[in-house]
Amino acid sequence: MVKVKDKKKKDKKKQSNKEQPTLTIKERLAQKRQATKARQELISLLSKAGGVGVIFGILAFFVGGIKLAIPAVMGVIVLALSYKYPRQALFGFVFYVPFSGTVTYLLGGNAILQLAKDGFYIPAALALWQKCRQQNLPFIIPTGIKKPLLILLTLCICTLLFTNAVQQFNPPPPPLFKTPEPEIPLGMGLLGLKVFMGYIPLITCAYYLIRNKKDFLFVSRLQVVIIIVCCILGVIQYALLLVGICEGTRNATGVDLFKATLEARCFIGGALVYSPSQGMIRLPGTFVAPWQWAWFIISSTFFAFGTGFSDPSFKWRMIGLVSLAMVFVNAVISGQRIALALVPACLVLLLVLTGQLGNLKRFVPIFGGLILILTIAIASNPEVVQERLDSFINRWNASPPYEFITQQFEEVAHNTKNPFGNGLGKATNSARIMGPTKLVETYYPKVMYEVGILGVLGFLGLVTSLTVCAFKTYRKVKNRNFRGYGAALWVFILFISYNTYYYPLDVDPVAVYYWFFAGVLFKLPEIDKLERLKEEQNQEVQEVEVSTTKKRKQKVLENPL
């Protein structure tokens, strides 16, 4: 057995040596010159960006002190590097998104730091757009969403012109005996448009970022590693609150027992609620707010499932299933009722729609191990599980989601007379720095409030065309592993496209993951074709080698001397 293994290893080494041709002296010197040139360009860029950043930092210091000066310096450097190296910037963007809330509050909670992730994304997207223009490559991918996207953009521009601009230059009179609150409607509109449509170019960014099988596996596995790290940090946060190292809100009084506050922050993330005496626990994990953590847990179900059931490596399939188990654990301890309800529901949906239920030989042993891990976790914390289930049932009985969504639609329809809506940003939480915003807790009523019924129909047209294109794309993939992961991504797109409970498409991380992983999905057929071409070429090479060896043997037999 040992000899057989040694032979296999030697054969693999020989194959790798054949695949990596030896370079000539000229080629080696050319590589060294390129490396030296790239290093000099990086040093030059850092020195220039650092100089400009220091100037901006000094100006920011006189305005807002050291807390504003340091982000200003770092911001200029990050913007310059992201524009110069868009691929690395996009990888950094994907990695930074789930940790942005923790980083923000570790560095003092500056509001500018919450926009730091866009310092990676926006310059990289601009650099990519310029390359697409220079090389005559399509920027809107897939072509099936081009018309719905342009229609939605046109409707949003109409809202900006006929609603936000009118409010800016001809504001309505304030209510009787009330002083109007200061607001900048056009500023709110631009921020609202950025939140509503700003991350759609991530489809194109991801499409060109993923070049081959290696890049695809790197992104999918990186996402699983991020899930595991975030979930471990979430468990640590819960443990610190449980043993009393972090106080949480357990000693608060009155209404404060039920409010998430930054004063109760523990270890990672931002505002939280931990009042076990009231059965009130809402953890933020690594994010700013508990709702973001809940939707990170929900969305992670799809990525963990894709890797756990479709990665070509057995080791990474096991890691994917471990991440799926961690997702379930955090759905319980986070205190988020929606996560507790949707994580199992999404898993069942994935099993049915991806066809994994039909693959029983592969499915039963793996899923059996997952159930065993979850059973042990539940058996060790039965009180926690029972408390979460009781909380979910009580909430459902008090306000069923379908009644709540219907109520929100009726209220918004009553308050929206303009076909172009009340203005972009008017119900967007992140636009409140420009003026007062209305709280609408469900997504499609929120869209209707801002851009009217025409905008809702336009957005539905966009996500429907995206979902249809995603389905057609994953069905084109022949490779079993790629096809399985593509199916998981398609179910994710389908689920988020028509979900209206809360507004995950407005906040991190789903606002990023939805568009980014759609781009990853649209790249899979090309990766599949490349891999099949490589396999055909390898087969041809092997056939040629076999035929040549046979001919040599025949010559030796014919002419032994």
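See above for the structure.
Structural notes, computed from the coordinates. (Residues numbered from 1 in each chain as written. Predicted model: local features only at pLDDT ≥ 70, side-chain atom pairs only at ≥ 80, totals over all residues. Heavy atoms only, no water.)

1. Describing the side chain of Ser300
Then, number 1: Looking at the secondary structure, you find Ser300 in helix α11 (residues 290–310).
Then, number 2: For Ser300, a relative accessible area of 0% translates into the label buried.
Then, number 3: Setting aside residues up to four positions removed in sequence, Ser300 forms contacts with Ile227 and Val327. (Helix = DSSP H or I, 4+ residues; strand = E, 2+ residues; numbered from the N terminus. Buried < 20%, exposed > 50% of the residue type's maximum accessible area, 1.4 Å probe, protein only. Contact = heavy atoms within 4.5 Å.)

2. With respect to unusual backbone geometry
The bulk of non-glycine residues show a negative phi, and the bulk of peptide bonds are trans.
Then, number 1: Cis peptide bonds are those with omega within 30 degrees of zero, and the linkage from Ile141 to Pro142 qualifies with -5°.
Then, number 2: Looking at where Pro142 falls in the secondary structure, it is placed in the loop between α6 (116–134) and α7 (146–169).
Then, number 3: With an omega of 0°, the peptide bond between Asp508 and Pro509 qualifies as cis.
Then, number 4: Here Pro509 lies in the loop between α18 (480–497) and α19 (510–558).

3. Some thoughts on the side chain of Ser323
Then, number 1: Topologically, Ser323 is positioned in helix α12 (residues 314–333).
Then, number 2: Classification of Ser323 by relative accessible area gives buried; the value is 0%.
Then, number 3: Excluding residues within four positions of it along the chain, Ser323 makes contact with Val224, Ile227, Ile228 and Ala304.

4. Considering the packing of α7 against helix α17 (residues 443–476)
Then, number 1: Following both chains from N to C, one finds α7 and α17 inclined at 165°, their axes separated by 8 Å at the closest point. It follows that α7 is roughly antiparallel to α17 by the angle criterion. For α7 against α17, the interelement crossing comes out left-handed. Contacts from Pro148, Leu149, Leu152, Leu155 and Thr159 of α7 reach α17 at Glu450, Val451, Leu454, Gly455, Gly458, Phe459, Gly461, Leu462 and Ser465. (Axes fitted to C-alpha atoms, helices over the stretch in contact; angles between N-to-C directions. Parallel < 35°, antiparallel > 145°, perpendicular 65-115°, else oblique. Left-handed = near helix turned anticlockwise from the far one by under 90°.)

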